[in-house]
Amino acid sequence: MFQRNKVRTYPHSMDKPFDIIVIGGGHAGCEAALVCARMGLFTAMVTLQVHRIGYMPCNPAVGGLAKGHLVKEIDALGGEIGRATDQAGIQFRMLNRGKGPAVWSPRAQVDKYRYADIMRYVVENQKNLSLVPAEVTRIVIQHGAFQGVELGDGTRLMARACVLTTGTFLKGLMHIGETKVPGGREGEPETTTLSASLRASGFRLGRLKTGTPPRVLRCSVDLQQFEPQAGDSCPTPFSYRTKTITQSQELCYLTHTNAVTHDVVRQHIDRAPMYRGDIDAIGTRYCPSIEDKVVRFPDKIRHQIFIEPEGRDHPELYLNGISTSMPVDVQLKILQSVPGLDTAIMRRPGYAVEYDFFPPDQLKRTLESKHVDRLFFAGQVNGTSGYEEAAAQGFMAGVNAVLKTRGKPPFTLGRDEAYIGVLIDDLTTKDIDEPYRMFTSRAEFRLSLRQDNADERLMAYGVELGLIPLSAWDGVQKRMRHMEEIIGQLERTPFPTVVGNPRFAAEALEPVAKPSTLAQVLRRPQVRFRHVQPYMSRTVHGGNGLDRHVECAVKYVGYLERQERDIQTVREMEAQAIPEDFPYHGIHGLSTEARQKLMIKRPETMAQASRISGVRASDLSIIAVHLQRSGPPKNGRPTTTDVQKPRT
């Protein structure tokens, strides 16, 4: 069904303007364009190469620690990345099973070509969505508002709003040793004039860096020398629309660098662009290149290399863990130093890419520019790394672009509601001086924000937005009511010590010495739902993940109650809106650092102000006093999420 390189574009009558223009066809662009079209607006996706829509230039994988949470949340709201991953996946694993369920994260290795084919097929066949293969050279802005875009041939496309998702293409420059090649990623040109256009319009720009490892031919590698990494026997889908994962799974492999590898890097470190001074941009701290690892961690005797297929029948392997921009001859020596890779044929060398980005404190929480009305930004252009972070931003920017054009209240998510809320709040509040990557540790309320309850938390919003069928939400509500019934039985039913303790002993579980309910027994660390299920007053099945939901609700009830109190405190601060034109410069008593940060970031609420580095408790107290004197804001800024959940 999905044929690669078969491009289908849609002509557009220039006498009818678009409702929304999405610039870029990566993961942010796909989600933004699809959600705009699905919400009923005539949308154009303008992208340099239509056949590269949904392409994965780096690791062909989706999900992972915290990133899997983002994908599940996008799916619960009505996005596409989860469903495409379920169809294109070639290995599925739930990470962190040895830890608490709050940090369990699904991850899938995918067939990169099949994923792109699926996503492009969905985009091409989406009603209300047109594809425009072109380069955007300028954003047309009049009277502080977006009007349209100018293409490379001088054509102007007019629209009511725009979502900019240009990824790493803004003045992209690729480095391989001493060689520098303009481009946003391998084989694709950079966008040269758009950065200058936006800089001239008053936007601040920065420079970031990312990188990739070499790819090698699978047939040239001795896989027998590596440790096999199998997928889960019962894979967990990303999408609520996927009932089960039926396709066979491929093996990945694990190996390590060694002392010889590190010696090779040290001997040639003067030829690395980062250490020659050729790269000024900042790379991500959490995914360093192999040369950076060797220099920063000199005591480490080895580093992991995950050997991952780029597709089911794809000839190349992705060497995750040795991202590099060293010269080609040095990259070959690095490969030759690792047993099993010593005969590898390098199909494509690794490279680093520098690109322009826009510090996201220039954005509202809707991802709309604070300076240009109806212009939204999403993805790596906001300083993030990763497909999942980009897709989440694209979805939220697309929704808010639609709501803006319709004159409807915006849609935002709080830090207590979703990892998406954490992501966007961090971007718009904190100083982004390196590519931002999502981690579970960034979420204060991660016990509530599990990957397995994303539908419970967010699907009602998807229904309200018209992106999720009501029948799907009805099914979630039914499961939630069933879970409440199970918990009620556990709380009421005593544990039968006479029958239960011998069975517990057979399972190497500590016996129950005093009268206890099944719920009290289930709160023990080693006890699982299956251990107490036989003693319930009536038969209850805990399939489809219901047993995990019950365990979390029972085991962590005290923590969840405490977390709910903390959440309520945050919500009260979120309800204290700060006007856009709040006169920080004229308020005596604010520290100099706080005044400078507040005037740049212009927080929307007291809660957001409290998370800005350099803003002290005393500064917040002064702001609160002035807010009380001036009364509620007159600019109509949102104080909380304005899209309401349907009644349950």
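Residues numbered from 1 in each chain as written. Predicted model: local features only at pLDDT ≥ 70, side-chain atom pairs only at ≥ 80, totals over all residues. Heavy atoms only, no water.

Draft legend 1. Fine view of the sheet that holds strand β19 (residues 346–348). Taken in spatial order, the 6 strands make up an open sheet running β15-β16-β17-β18-β14-β19, and their pairing is antiparallel. Across the chains shown, the open sheet's two edge strands, defined by having one partner strand only, are β15 (227–229) and β19. For this sheet, the mean angle separating the axes of adjacent strands, direction not counted, is 35 degrees. Examined bridge by bridge, strand β14 (residues 215–217) and strand β18 (residues 316–320) share 3 bridges and lie antiparallel to one another. Following the sheet pairing, V216 is matched in β18 by L317. On top of the sheet, helix α9 (residues 328–336) reaches β14, β18 and β19; it is set at about 135 degrees to β19, its chief contact. (Pairing = 2+ DSSP bridges. Helix = DSSP H or I, 4+ residues; strand = E, 2+ residues; numbered from the N terminus. Axes fitted to C-alpha atoms, helices over the stretch in contact; angles between N-to-C directions. Contact = heavy atoms within 4.5 Å.)

Draft legend 2. Geometry of the pairing of strand β4 (residues 89–95). Judged by how many residues are buried, β4 sits mostly within the fold: 6 of 7 residues are covered. Bridging between β4 and strand β5 (residues 105–110) involves 6 bridges; their strand directions are antiparallel. Looking at the pairing, F92 lines up with A108 of β5. (Buried < 20%, exposed > 50% of the residue type's maximum accessible area, 1.4 Å probe, protein only.)

Draft legend 3. View of the packing of aromatic side chains. Within this structure, the stated rule accounts for 9 aromatic pairs. Judged by centre distance (5.4 Å) and plane angle (50 degrees), the rings of F203 and F377 are tilted. Residue F203 is located in the loop between α5 (194–200) and β13 (206–212), and its partner F377 is located in strand β21 (residues 375–377); the two are separated by 174 residues in the primary sequence. Of the two residues examined, F203 and F377, each falls in the buried class. Over the aromatic face of W104 sits the side chain of R97, whose NZ or CZ is 5.1 Å from the ring centroid. (Phe/Tyr/Trp six-rings, centres within 6.5 Å; stacked < 30°, edge-to-face > 60°. Lys NZ or Arg CZ within 6 Å of the ring centre and 35° of its normal.)

Draft legend 4. Focus on the pattern of salt bridges. Evaluated as defined, the whole model comprises 50 salt bridges. Across the salt bridge formed by E491 and R523, the nearest N and O atoms sit 3.1 Å from each other. Taken together, the residues span a long stretch of sequence, with E491 in helix α13 (residues 470–492) and R523 in the loop between α15 (518–522) and α16 (529–532) at a distance of 32 residues. Under the relative-accessibility criterion, R523 is labelled partly exposed at 31%. Here the salt bridges share partners, and the residues they tie into one network are R365, R415, D425, D426, K430, E444, E574, E604 and R611. (Salt bridge = Lys/Arg side-chain N within 4 Å of Asp/Glu carboxyl O.)

Draft legend 5. Molecular detail of the sheet that holds strand β10 (residues 161–164). Taken together, the 5 strands give an open sheet; going across it, the order is β6-β2-β1-β10-β21, and neighbouring strands pair in parallel fashion. Since the sheet does not close on itself, it has two edges, and those belong to β6 (129–133) and β21, each with one partner. Strand-to-strand twist of the sheet, defined as the mean angle between neighbouring strand axes without regard to direction, takes the value 20 degrees. When strand β2 (residues 43–47) meets β6, the two strands line up parallel, connected through 5 bridges. Bridged to V46 within β6 is V132.

Draft legend 6. Up close: helix α14 (residues 497–506). Within the span of α14, buried status applies to G500, N501 and F504. All buried residues of α14 lie within an arc of 100 degrees about the axis, which places them on one face of the element. Of the residues in α14, the exposed ones pointing more than 90 degrees away from the buried face are V498, P502, A505 and A506. Buried-residue contacts for α14 involve α15 and α16. Remark: A508 follows α14 within two positions and exhibits a positive phi of approximately 60 degrees. (Arc of directions from axis to C-beta.)

Draft legend 7. Representation of the pairing of β10. The side-chain alternation of β10 yields two buried faces, one formed by A161 and V163 and the other by C162 and L164. Where strand β1 (residues 20–23) lies against β10, 4 bridges are found, and the strand directions are parallel. Bridging from a neighbouring strand, I20 pairs with A161 of β10. With 3 bridges joining them, β10 and β21 adopt parallel strand pairing. Paired with L164 across the two strands is F377, which belongs to β21.

Draft legend 8. Geometry of the side chain of S337. Locating S337 in the fold gives a position in the loop between α9 and β19. S337 sits in the buried class, given a relative accessible area of 11%. Non-local contacts of S337, meaning those with residues more than four positions away in its chain, are made with N258, V260 and T261.

Draft legend 9. Focus on the nonpolar core. With 104 residues, the main nonpolar core has I21 and I420 as its most contacted residues. In terms of residue count, the dominant contributor to this core is helix α10 (residues 387–405) (11 residues). Excluding anything up to four places from it in sequence, I21 contacts A44, V46, F146, V149, L157, M158, A159, A161, C162 and V163. Judged by nonpolar contacts, the second largest core, of 22 residues, contains A272, V338, A344 and M346. (Core = buried A, V, L, I, M, F, W, Y, C linked by side-chain atoms within 4.5 Å.)

Draft legend 10. Representation of the packing of helix α2 (residues 67–77) against helix α12 (residues 454–464) in the model. Where α2 contacts α12, the axes come no closer than 7 Å and their chain directions differ by 35 degrees. Crossing handedness for the pair α2 and α12: right-handed. Listed contacts from α12 to K72, E73, A76 and L77 of α2 are A454, D455, R457, L458, M459, Y461 and G462. For the contact of α2 with α12, the residue count by class is 6 nonpolar, 1 polar and 4 charged. (Left-handed = near helix turned anticlockwise from the far one by under 90°. Nonpolar A, V, L, I, M, F, W, Y, C, P; charged D, E, K, R; others polar.)

Draft legend 11. Region of interest: the environment of E354. Along the chain, the position of E354 falls in strand β20 (residues 351–357). On the basis of relative accessible area, E354 is assigned to the buried category, the value being 5%. For the pair formed by E354 and L173, sequence separation is 181 residues and the distance between their alpha carbons is 5.1 Å. Apart from the residues within four sequence positions on either side, E354 is in contact with K171, G172, L173, H175, R207, L208, K209, D278, I279, D280 and A281. Within the local environment of E354, its side chain forms a polar contact with the side chain of H175, the two groups lying 2.7 Å apart. Engagement of the side chain of E354 in a polar contact is seen with the backbone nitrogen of A281, the distance being 3.2 Å. (Polar contact = N/O pair within 3.5 Å; in protein donor to acceptor, adjacent residues only side chain to side chain.)

Draft legend 12. Structural detail: the confidence of the model for the protein chain. Looking at the protein chain as a whole, its pLDDT mean stands at 90, while 94% of the residues score no less than 70. Under a pLDDT of 50 for its full length, residues 1–14 has, in the predicted model, 33 contacts with residues more than four places off or in other chains. In this model residues 635–641 is a low-confidence stretch, pLDDT under 50, and it forms 24 contacts with partners more than four residues away in sequence or in other chains. (pLDDT = per-residue confidence, 0-100.)

Draft legend 13. Local environment of α10. Over its 19 residues, α10 runs 27 Å from end to end, which matches the ideal 27 Å to within 8%, given 1.5 Å per residue. Taking burial as the measure, the 19 residues of α10 include 18 buried ones, the bulk of the element. Positive phi shows up at G407, right after α10, with a value of about 70 degrees. (Expected span 1.5 Å × (residues − 1).)

Draft legend 14. Broad picture of the state of the cysteines. Counted by the stated rule, this structure contains 0 disulfides. The thiol of C58 is unpaired, and the distance to the nearest cysteine sulfur, on C287, comes to 8.4 Å. With no disulfide of its own, C234 has C252 as its nearest cysteine by sulfur position, at a separation of 18 Å. (Disulfide = S-S within 2.5 Å.)

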